[in-house]
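In case you want the letters, here they are:
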Amino acid sequence: MSTVVESHDHGHHGPAKGLSRWLFTTNHKDIGTLYLWFSFIMLFIGGAMAMVIRAELFQPGLQIVQPEFFNQMTTNHGLIMVFGVIMPAFVGLANWMLPMQIGAPDMALPRLNNLSFWLLPMAFGILISTLFMPEGGPNFGWTFYAPLSTTYAPSTVNFFIFSVHVMGVSSILGSINIITTIFNMRAPGMTLMKMPLFVWSWLITAYLLIAVMPVLAGVVTMMLMDINFGTSFFNAAGGGDPVLFQHVFWFFGHPEVYIMILPAFGIVSHIIETFSRKPIFGYSSMVYAMASIAILSFVVWAHHMFTVGMPLAGELFFMYSTMLIAIPTGVKVFNWVATMFRGSITFETPMLFSIAFVALFTIGGFSGLMLAIVPADFQYHDTYFVVAHFHYVLVPGALFGIIAAAYYWLPKWTGNMYDETLGKLHFWLTFISVNVTFFPMHFVGLAGMPRRYPDYALQFADFNALISVGAFMFGLTQLLFLFIVIKTIRSGKQAKPEVWEGAGDLGLEWTLSSPPPYHSFTVQPQVK
Amino acid sequence: MAYIKKVSAKLIFALPLFFSSLIFSEKSDYNMPVGVTDVSESIFELHMVIFWICVVIGIIVFSIMFWSLWKYRKSKGAVAADFDDNFWLEIGWTVAATLVLVWMAVPSTQVMVEAYDDAEGEINILITGHQWKWHYEYLEDEVGFFSNLSTSQEQIDGEVPKGEFYLQEVDEPLVIPTNTRVRFLITGNDVIHSWWVPDFAVKQDAIPGFINTAWTNVPEPGIFRGACTELCGIKHAFMPVVVRAVEREEFDAFIAEKVALAEEERMLTSKVWTKDELMERGESFYAVNCAACHQANGQGIPPVFPALEGSQIALNDSSKHIEILMEGVQGSAMAAFGDSYSEVDIASVITYTRQAWSNGENGDGEIVTPQDIVAYKNRIDL
Ligand code: HEM
Ligand SMILES: [Cu+2]
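Draft legend 1. Up close: the site of ligand 1. All names here are of chain A. Around ligand 1, a shell composed of 23 residues is seen, among which Trp 142, Asp 377, His 381, His 389 and Arg 451 lie nearest. Side-chain polar atom of Trp 142 to an oxygen atom of ligand 1: 2.9 Å apart, as the coordinates give it. In this structure, Asp 377 approaches ligand 1 through a side-chain N or O atom, which is 2.6 Å from an oxygen atom. Broken down by secondary-structure element, the contributors of at least two residues to the shell around ligand 1 are α8 (242-259), α12 (349-372) and α14 (384-414). Tallying contributions element by element places α12 first for the shell around ligand 1, with six residues. Tallied by class, residues from the shell around ligand 1 come to 13 nonpolar, eight polar and two charged.

Draft legend 2. Structural detail: the pattern of salt bridges. With the rule as written, the count across this model stands at 15 salt bridges over all chains. Between Lys 74 of chain B and Glu 501 of chain A there is a salt bridge, with its nearest N and O atoms 3.3 Å apart. With Lys 74 of chain B in the loop between α2 (38-71) and α3 (87-115) and Glu 501 of chain A in the segment after α16 (461-490), this residue pair bridges two chains. What makes Lys 74 of chain B partly exposed here is its relative accessible area of 30%. Linked by salt bridges that have partners in common, Arg 277 and Glu 501 of chain A together with Lys 74 of chain B make up one network.

Draft legend 3. Highlighting the interface of chain A and chain B. Each partner contributes residues to the interface: chain A has 94 residues there, and chain B has 87 residues. Together, the buried faces of chain A and chain B total about 7,700 Å²; carbon and sulfur atoms form 70% of this surface. Taken as a group, Tyr 152, Phe 281 and Gln 379 of chain A account for 9% of the area that chain A buries against chain B, more than any other trio of residues on that side. The tally of links between chain A and chain B comes to one salt bridge. Linking chain A to chain B there are 21 residue pairs in polar contact (both at pLDDT 80 or more). Going through the elements one at a time, α4 (67-102), α8, α10 (283-296), α11 (312-340), α12, α13 (374-380) and α15 (420-446) of chain A are the ones with two or more residues in the side of chain A that touches chain B.

Draft legend 4. Representation of the sheet that holds strand β4 (residues 174-177) of chain B in the model. Residues and elements named next belong to chain B. Read across the open sheet, the five strands follow the order β4-β10-β9-β6-β7; overall the sheet is mixed. Of all the strands in the sheet, just β4 and β7 (202-206) have a single pairing partner and so form its edges. On average, each strand axis in the sheet is inclined to that of its neighbour by 25 degrees, with strand direction left out of account. As judged from the five bridges shared by strand β6 (residues 193-197) and β7, these two strands associate in the antiparallel manner. Looking at β7, one finds that Val 197 is bridged to Val 202.

Draft legend 5. Quick peek at a negative patch on the surface. Residue and element names in this part refer to chain B. Among the surface-exposed residues, Asp 38, Glu 41, Glu 114 and Glu 220 lie close enough to one another that they form a single negatively charged patch. Topologically, Glu 114 is positioned in helix α3. Given a relative accessible area of 33%, Glu 114 falls into the partly exposed group.

Draft legend 6. Expanded view of the sheet that holds strand β5 (residues 182-188) of chain B. All names here are of chain B. Within the open sheet, the five strands sit side by side as β3-β2-β1-β5-β8. Their pairing is mixed. One side of each edge strand has no neighbouring strand; the edge strands of this open sheet are β3 (143-147) and β8 (212-216). Each adjacent strand pair in this sheet contributes to an overall mean axis angle of 25 degrees, direction not counted. Bridge count between strand β1 (residues 123-130) and β5: seven bridges; the pairing is parallel. If you follow Ile 123 over to β5, its bridge partner there is Val 182. Lying on the sheet, helix α5 (residues 248-270) is in contact with β1, β2 (133-138) and β3; it crosses β3 at an angle near 95 degrees.

Draft legend 7. Structural view of helix α6 (residues 275-289) of chain B. All names here are of chain B. When the terminal C-alpha atoms of α6 are compared, their 20 Å separation across 15 residues agrees well with the 21 Å that a helix rising 1.5 Å per residue should span. All of the buried residues along α6 are Leu 278, Gly 282, Phe 285, Tyr 286 and Asn 289. The buried residues of α6 occupy one face: seen down the axis, they fall within an arc of 105 degrees. Along α6, exposed side chains directed more than 90 degrees from the buried face belong to Asp 276, Glu 280, Ala 287 and Val 288.

Draft legend 8. Focus on the coordination of the copper ion (ligand 2). Residue and element names in this part refer to chain A. Donor atoms from the polypeptide that bind the copper ion (ligand 2) are His 254 (ND1), His 303 (NE2) and His 304 (NE2), placed at 1.8 to 2.1 Å. One chain supplies every donor to the copper ion (ligand 2), and in sequence these donors are spaced H-x48-H-H. A separation of 4.6 Å is found between the copper ion (ligand 2) and the iron atom of ligand 1. Residue His 254 is found in helix α8, and its partner His 303 is found in the loop between α10 and α11; the two are separated by 49 residues along the sequence. Of the residues examined, His 303 reaches a relative accessible area of 15% and is grouped as buried.

Draft legend 9. Representation of the packing of aromatic side chains. Evaluated as defined, the whole model comprises 72 aromatic pairs over all chains. Consider the rings of Phe 249 of chain A and Trp 250 of chain A, whose centres lie 4.9 Å apart with planes at 85 degrees: the pair is edge-to-face. When the ring of Tyr 392 of chain A is compared with that of Phe 439 of chain A, the centres are 6.1 Å apart and the planes differ by 80 degrees; the resulting orientation is edge-to-face. Within this pair, whereas Tyr 392 of chain A is found in helix α14, its partner Phe 439 of chain A is found in helix α15, the two being separated by 47 residues in sequence. Residue class for Tyr 392 of chain A comes out buried when judged on its relative accessible area of 1%. A cation over an aromatic ring shows up here: Lys 133 of chain B above the ring of Phe 146 of chain B, its NZ or CZ 5.1 Å from the ring centre.

How each quantity is defined
- Counting from 1, residues in each chain are numbered in the order their sequence is written.
- Chains carry letters from A onward and ligands carry numbers from 1 onward, assigned in written order.
- With the structure being a predicted model, the display of local features is reserved for residues of pLDDT at least 70 and the display and counting of side-chain atom pairs for 80 or more, all residues being used for whole-chain, interface and lining totals.
- Only hydrogens and water are set aside; all other atoms, that is, all heavy atoms of the structure, feed into the side-chain values.
- We call a residue near a given molecule or strand whenever any one of its heavy atoms falls within 4 Å of it.
- Think of a polar contact as two N or O atoms within 3.5 Å of one another; within protein, one of them needs to be a possible hydrogen donor and the other a possible acceptor, and neighboring residues in sequence only count if both atoms come from side chains.
- Helix and strand assignments come from DSSP, with helices taken as H or I runs of at least 4 residues and strands as E runs of at least 2, each series counted from the N terminus.
- Residues were grouped as follows: Ala, Val, Leu, Ile, Met, Phe, Trp, Tyr, Cys and Pro as nonpolar; Asp, Glu, Lys and Arg as charged; and all remaining residues, including Gly, as polar.
- We count a salt bridge whenever a side-chain nitrogen from Lys or Arg sits within 4 Å of a carboxyl oxygen from Asp or Glu.
- Accessibility here uses a 1.4 Å probe with only protein chains present; expressed as a share of the type maximum, an area under 20% marks a residue as buried, one over 50% as exposed, and anything in between as partly exposed.
- Note on contacts: a residue pair qualifies if any of its non-hydrogen atoms lie within 4.5 Å across the two residues.
- By convention, the term buried area covers the 1.4 Å-probe accessible surface removed from two parts as they join, with the contributions of both added.
- For two strands to be treated as a pair, DSSP must find at least two bridges joining them.
- Fitting a line to C-alpha atoms yields each axis, with helices limited to the stretch in contact; the angle taken between N-to-C directions then spans 0 to 180 degrees.
- The residues that make up patches have over 30% relative accessible area and no salt bridge, and they are joined within 9 Å when like-charged or within 5 Å when they are Val, Leu, Ile, Met, Phe, Trp or Tyr.
- Per-residue and other accessible areas follow the Shrake-Rupley method at a 1.4 Å probe size, with only the shown protein chains counted as cover for residues.
- Positive charges are assigned to Lys and Arg, negative charges to Asp and Glu, while His and the chain termini are left out of the count.
- By convention, the point assigned to a charge is CZ for Arg, NZ for Lys, CD for Glu and CG for Asp.
- Given a helix with a known number of residues, its expected span is that number minus one, times 1.5 Å.
- Picture the helix axis, draw a direction to every C-beta atom, and the arc is the one those directions span.
- Metal donors: N, O and S atoms at distances within 2.8 Å, or within 3.2 Å for Na, K and Ca, with water omitted from the atom set so that some sites may seem incomplete.
- Aromatic contacts are taken between Phe, Tyr and Trp rings whose centres are within 6.5 Å, Trp giving its six-membered ring; a plane angle under 30 degrees counts as stacked, one over 60 as edge-to-face, and the others as tilted.
- The criterion is that NZ of a Lys, or CZ of an Arg, lies within 6 Å of the ring centre and within 35 degrees of the ring normal, and then a charge sits over that ring.

Shown next as structure tokens:
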């Protein structure tokens, strides 16, 4: 009897107290907060690994770490940034914003939501613990090509496989929840083509995740069998095929890279329309572009494998299909520019990050286009040129999208305005250091420096020193971001419900108070 | 027809190339090398064409964007328009983007067809990636050798100054003749490696169980330096590729010398070896090829790399010992040495490990001769 009353109390009068609030929460905002803090912590762990890498590469020669540890750093840096930072941050944003943007009280499957989150610390706890085991952690690159990751791997690879499985379960459960929420809990009147673009971007992303996470699970299971049960999926000596690994991996891997950028497309669209004070240009073409990017992403995977020895027709097919993706991607960029055109523009921190997103993501798109050109890719492949490409799309792309979202919605979440001066400082330091770090990588790559090298020839020394300086600066600057976020949570000018001038009619989230009530919309709003 | 193709390709290349030649010199620290073969030059030109197309598109898009940001800033009193689509504009830029891509695809396809050609070469060389060195075998003459990094560990550790070709030098480079079609057959022995020589624009993965092909035709003598570009373990950065292209006569002399050397090796196989001779040779082979894992003192690094001292196989089972050396151990890091080293080397290292440390006293101390290895090979062939 009393328990019923108690849960009734909790249900309607705000969160539980203490640790149990976070352990047992089924509230979309609490879970969103957990996801965001988790990814923020992982950003610093993965970032520390990047600092080790850049410290070693500051000069030619081996001075700080040995190659064995260096390989563990590159591998875990990649895995943590992809699966532990970018993806959870987007899920955190989805948790916070989807119910508020579609006029729902919470996510459709709140208990599943709790499980999806708590699987993550477990998965990464296992992954990171391998670094402290005698044989060391995974050292075969975040793409873990067989047989380096099977026959020749340290035995801790089994922990790695298990942790990938757990991450996969978490992502799939999260996606099911998101799809269910979007289809069932929209406010009356919100037809599909009236959904905010962030909601659209997540709907498409969630489908991509459900389609490809099982493929990743499949490929690691095949590894597990090769390692422990004597199968030969990827073992040539037993009649298997090491290239099969790459096909399966990249069939997951290429959609995965779009999983890491589509939600940012949604976020940036909202921010640009807010600060241009003008509705997004070409809403429906934005939706169609995201859908076609998602569909095309299933037929381009072998552009990561141009040097494995495919037949001519195969090389050409994957070149053309990859070039095709540039069309919808270009359309999105044109639409953002057209939204700014004839707007009334102000430059708050989220807008600065979004403008930088458009410019620098486009540079990443250009290098992607160059990489798609097969014969030229023979020269680019597995050099720092590729490293430059994917860092341009992932750091000033995906990560800037996340940072912009944090600034854009932080006043809504906390009820406090962040410190605009510090925000701008954060932006400029980040913008400069990101370019100092990643732009010269194009040059060393073209000049011939292969990736995943702990040591290099002398002609690459100058650029590498510069890159390391940029990287340290970038790393330090993110401590400022941490400071700004904590400061905003604790204090700051009271934020109005609409937060940004004129945002009131841009989306349902701006009709709620700042901070919003614990159960966002208890009465469904009507969308005209 | 071919002529028209050539001319149109030239036209597509000409303008951007003109600009690029102003900015990038031939051997550059910040751009792709032009290289020395026809294929590498075509690829360089293609790279520059695509690059300049991207630059032009970038300039157009970014100038419109930054101009809008400047012109329509609110602080200057800009009032927002409220249009949110324009059908023909959207169709227009989609079509324009498509046309630009087709413009890029045409020369790309041409260069790809030029680079892709798996016909036989006049000279065919089997390249095998090993952890962490390359093995080259001239298929016509049946001679081969390993090519190891020759930069010293002291240079790597910073104890002595680094040389000019730090990490880009080997004990024995691959030698190929100029003005000859050379075909490379590329494979891997353990994990996947990738054989890259930027000046030839040849990069092919070396995959165990598969043979990939690539080819080149180098017009002038020279030394060309490349690298392994697929992560292959601890010493991925320490297995460079060096190719020396020489005139045909010099090449023939080089091969003749290699053939003579191989003949000498074969003589060694049939000669009668004493235990001491085998021990001496075995000890140095062990130090170079085995000690990294099994350790100089034979204790290994259990559980991954087993100890050889006191191992039952090394003590009492010489036929199993031979089999392991020849075939490797499935599912472990123990490679099959049989195909890569001579009978003399295999026999001497087996003899050495059966005698060394305490093994000689505690086991049967059997001596394995090169003839035993030949016998083993013949048995397998049956
Ligand atoms: C216009 C769009 C794009 C094109 C044409 C493109 C093309 C390519 C190509 C051809 C490669 C393989 C290069 C090589 O290994 O030789 C590549 C690598 C990569 N791309 Fe993209 N890309 C595009 C956008 C993106 C986006 C949006 C992301 C992620 C947000 C991304 C992430 C990556 C990553 C992570 C790799 C490297 C994976 C690895 O080998 O570790 N790309 N891209
Ligand atoms: Cu891809």
